[in-house]
Each structure stands twice: as structure tokens, then as C-alpha cells.
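Descriptive analysis of the structure
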Amino acid sequence: MEAALYLHVPFCRGKCPYCDFYSVTEPPDESLYLSAVLAEVRLWRERIPRKTVFVTFYAGGGTPSLLSPDFYARLFEELSRLLSFSPVELTLEANPEGLSLKRLEGYLRAGFNRLSLGLQSLQPEGLLALGRRHGPEEARAAVEAARRAGFENLSLDFIFGWPGETPAHLQKDLDEALRLAPEHLSWYELTPEEGTPLFRALAEGRVRLPGEEVLVDMHRTIHERLTGEGFEHYEISNYARPGRRCLHNLFYWKALPYLGLGPAAASFLGKRRYRNPEDLKTYLSTVRSGTLAARLEEVLSPEEALREAVILSLRLSEGVRRKEFRRRFGRDPLESFSKEIKDLERKGLVEADEEGFRLTFAGRLLANQVQLHFV
Ligand code: SF4
């Protein structure tokens with residue numbers, strides 16, 4: 001059974017005002033964190049199905065590039081001893097600040113073969129509005145250093161819809177992103193998450209996001225520009241050169257098994273959903289005392305598993321594929337959800353054919369509402 005392996009790296013230099021991912025701003029104690037993660041792997045080893053082979057690895061965060069290449073070299077060595085660990089794709093999420101050529105070469109030597117750089121914007125106004133700690137020059141230098149180090153699979157993360165962003169800013173970001181010639185681009189719409197400083201600033205009227213119509217145009221501009229340049233639009237916010245889709249994230253979007261390590265990490269194994277505590281201290285003390293930190297959140301019934309797979313697959317441009325669902329769930333999704341599909345087709349949010357069904361452009365803009373039909 002193939003599965004994906006995720007490591008949450010809960011350290012950041014400071015908090016960005018829009019972010020609600022779990023991280024702390026204290027400097028990491030690498031050896032303490034490594035020993036805890038390995039203790040967690042040993043605890044999981046008894047519980048995961050025997051034939052599980054981990055075919056992707058993804059260090060996400062937080063800021064995984066705050067941990068040294070040596071941390072990952074030692075981690076991968078131990079993972080190969082403890083698990084069936086044969087990843088074809090090993091991704092490191094990184095922020096531009098502090099990414100020297102030497103450090104990037106170290107990551108490559110440790111085993112990473114894919115780098116996902118969080119640029120977010122290349123406009124000074126954008127980086128300021130998003131509270132990032134790097135400037136456009138540092139971002140460009142990081143891309144150049146990654147290429148010089150030898151990374152051949154590079155993904156760049158951008159955000160659109162930041163306070164003050166105009167269509168002209170977006171055009172400039174698109175021009176520059178394409179000039180940097182990445183293999184993969186993620187272009188997320190800024191979502192104000194409750195509890196973040198951005199959410200409060202919006203509620204108090206201190207900042208404003210671009211209006212609804214501008215945002216719809218931005219969605220369209222990104223799609224048209226990137227697909228026009230030969231990128232495949234394969235997930236709502238993700239574009240890839242042919243053959244360069246993120247294999248790891250496809251496990252999430254296809255509701256396939258994954259194991260998550262580190263605080264706040266989620267796992268999905270054998271229709272069971274687990275989550276680790278969102279607190280570094282609790283995580284460290286729990287795993288180091290020999291107890292699994294993950295708490296079982298839910299065991300999905302066959303019906304729930306099918307619905308969940310439909311909801312997640314709708315994020316993909318290929319949508320819900322009939323053949324695949326018949327094979328995995330023994331059910332024809334077009335028959336099982338004929339009422340919902342007809343209703344959504346009438347509203348122009350979904351299109352269906354012999355192959356299956358998927359979101360239209362309008363459906364992608366209202367993806368959350370469409371997904372509610374299948375809950
Ligand atoms: S956006 Fe990234 S760098 Fe900023 S606080 Fe969140 S995880 Fe850390």
C-alpha cells in the first residue's frame with residue numbers, strides 16, 4: 001500500500017499576520033525535535049499496515065528551511081531503517097530568507113529533490129501587506145541559488161487578493177513568476193482566517209481586500225495566463241508543467257493514505273483520521289514518554305469515505321473520475337449522486353460526461369458551496 005509521509009516543522013522566525021498554521025517563534029532545538037519525531041515514528045511503526053510503502057515525503061510548516069540539512073540527512077537515514085521509505089518525491093518548503101547556496105546544496109545532498117519556495121509576491125507592496133520578512137531581491141536570489149545548487153523541480157508559492165493589490169500588481173507578479181521559469185506554481189487567494197491579525201484588521205476596517213469582481217477577474221487572469229504558457233491547471237490553486245504535479249499533495253486530494261509527524265500534523269490511515277496536538281511542548285512530552293501523540297478523530301464509514309473522496313477530488317481539474325471511483329469504492333459516482341450533479345449542472349457549477357464530473361470555472365469560485373452538496 002502506497003502512502004505519503006508529512007513532517008510538520010513548527011518553527012517560524014515570526015508570525016505572518018494572515019497565517020493560522022501552527023508554529024512557534026522560538027529557535028528550534030534540532031536534536032530534541034529529531035529525537036521526538038523518531039520516537040513518534042517508532043510508536044507509529046506498530047500501528048500502520050505492514051505493507052505500507054512511503055513514496056513521497058514533504059516537510060511543511062512552519063518554516064522547514066529553519067532546520068539544517070544535517071537534521072534532514074539524519075532523519076532520512078533513520079526513516080530508511082524504521083519504515084519502508086522509498087520516496088520518489090521529497091519536498092522541502094522554504095522561505096527565501098537565509099537560503100544560501102551552501103545551505104541549498106546541503107538540502108539536495110540530504111535527499112530533497114523538490115523545493116517549494118514561499119515567495120507570495122514579488123511586489124514590495126505585496127510583501128509589506130502580507131507582513132513577510134523578505135524583500136523581492138531576496139526572493140529572486142533564492143530562486144537563482146536553488147537553480148545553481150541543482151534543484152530541477154522548483155515550485156513557487158504566490159498569494160493574490162492581498163490588501164491593496166490591483167490587477168497591475170498581479171500582472172507584474174505573473175510576468176516575474178514566469179520569468180523565473182518554475183516547474184510548478186501555487187497561486188492561492190488570500191483567505192482571512194478567524195483569530196489572525198489580518199482578520200482583526202479587516203473587521204476593524206484598518207485594511208480592505210480587493211472587491212469581489214476584481215477577485216473573480218484575478219482568478220481568470222491567473223488561469224488564462226498560466227495555461228496559455230503551457231502550465232496544466234490541475235487543482236484549484238495549483239499549476240504544473242507536464243509531469244510536474246505535486247505527487248505528495250495528490251495523496252490528500254485523492255483521499256489516499258498519509259502519515260503526519262510533528263505537532264498539529266494530521267494522518268489518514270485505513271479510513272481513520274488522526275490529529276496531533278497543536279502544541280509543541282505537549283507533543284514533545286507525550287512522544288518522549290512513549291505515548292502516541294495522535295488522537296483518533298474519526299473512523300469513516302464506507303459512505304462517509306466515498307463522500308469525502310468526492311469532496312476532495314472536486315478540487316482537482318479532472319474531478320471525480322468514474323472508473324477510479326468504481327474500482328476504489330465499488331460505486332458509480334454518477335449514479336450515486338445523480339440528483340446533486342443535476343442540481344449543480346443547472347446552476348452551471350459542475351459539468352458531467354461519461355468520464356465523470358468536475359467543477360466549471362464558476363464552480364471553482366464557489367468550491368466550498370459545491371462541496372456542501374456532498375457532505
Ligand atoms: S506564513 Fe509561513 S512563515 Fe509566515 S507564519 Fe505562517 S508558516 Fe510561518
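Conventions used here
- Residues numbered from 1 in each chain as written.
- Predicted model: local features only at pLDDT ≥ 70, side-chain atom pairs only at ≥ 80, totals over all residues.
- Heavy atoms only, no water.
- Near = heavy atom within 4 Å.
- Nonpolar A, V, L, I, M, F, W, Y, C, P; charged D, E, K, R; others polar.
- Pairing = 2+ DSSP bridges.
- Helix = DSSP H or I, 4+ residues; strand = E, 2+ residues; numbered from the N terminus.
- Domains from an automatic or database assignment.
- Contact = heavy atoms within 4.5 Å.
- Buried area = accessible area lost by both parts, 1.4 Å probe.
- Salt bridge = Lys/Arg side-chain N within 4 Å of Asp/Glu carboxyl O.
- Polar contact = N/O pair within 3.5 Å; in protein donor to acceptor, adjacent residues only side chain to side chain.

1. With respect to the site of the ligand
- As a matter of local geometry, the ligand sits amid Cys12, Gly14, Lys15, Cys16, Tyr18, Cys19, Gly61, Gly62, Thr63, Asn95 and Arg132.
- Within the shell around the ligand, the residues separate by chemical class into 4 nonpolar, 5 polar and 2 charged.

2. A closer look at the sheet that holds strand 14 (residues 350-353)
- One open sheet holds the 3 strands; their spatial order is 13-15-14, and the pairing between them is antiparallel. Each end of this open sheet is capped by a strand with a single partner; those strands are strand 13 (320-321) and strand 14.
- Where strand 13 and strand 15 (residues 356-359) come together, 2 bridges link them in antiparallel fashion. Paired with Arg321 across the bridge in strand 15 is Gly356.

3. Some details on the domain arrangement of the protein chain
- Annotation of the protein chain at the domain level lists domain 1 (2-253) and domain 2 (316-372).
- Taken together, the 11 residues of domain 1 in the interface contact 8 residues of domain 2.
- Contact between domain 1 and domain 2 buries roughly 790 Å² in total, counting both sides, with carbon and sulfur atoms accounting for 70%.
- Where domain 1 packs against domain 2, one counts 0 salt bridges.
- At the boundary of domain 1 with domain 2, the tally comes to 2 residue pairs in polar contact (both at pLDDT 80 or more).
- Elements represented by at least two residues in the side of domain 1 that touches domain 2 include exactly helix 8 (212-228), strand 7 (232-235) and helix 9 (247-253).
- At 4 residues, the largest contribution of residues to the side of domain 1 that touches domain 2 is made by helix 8.

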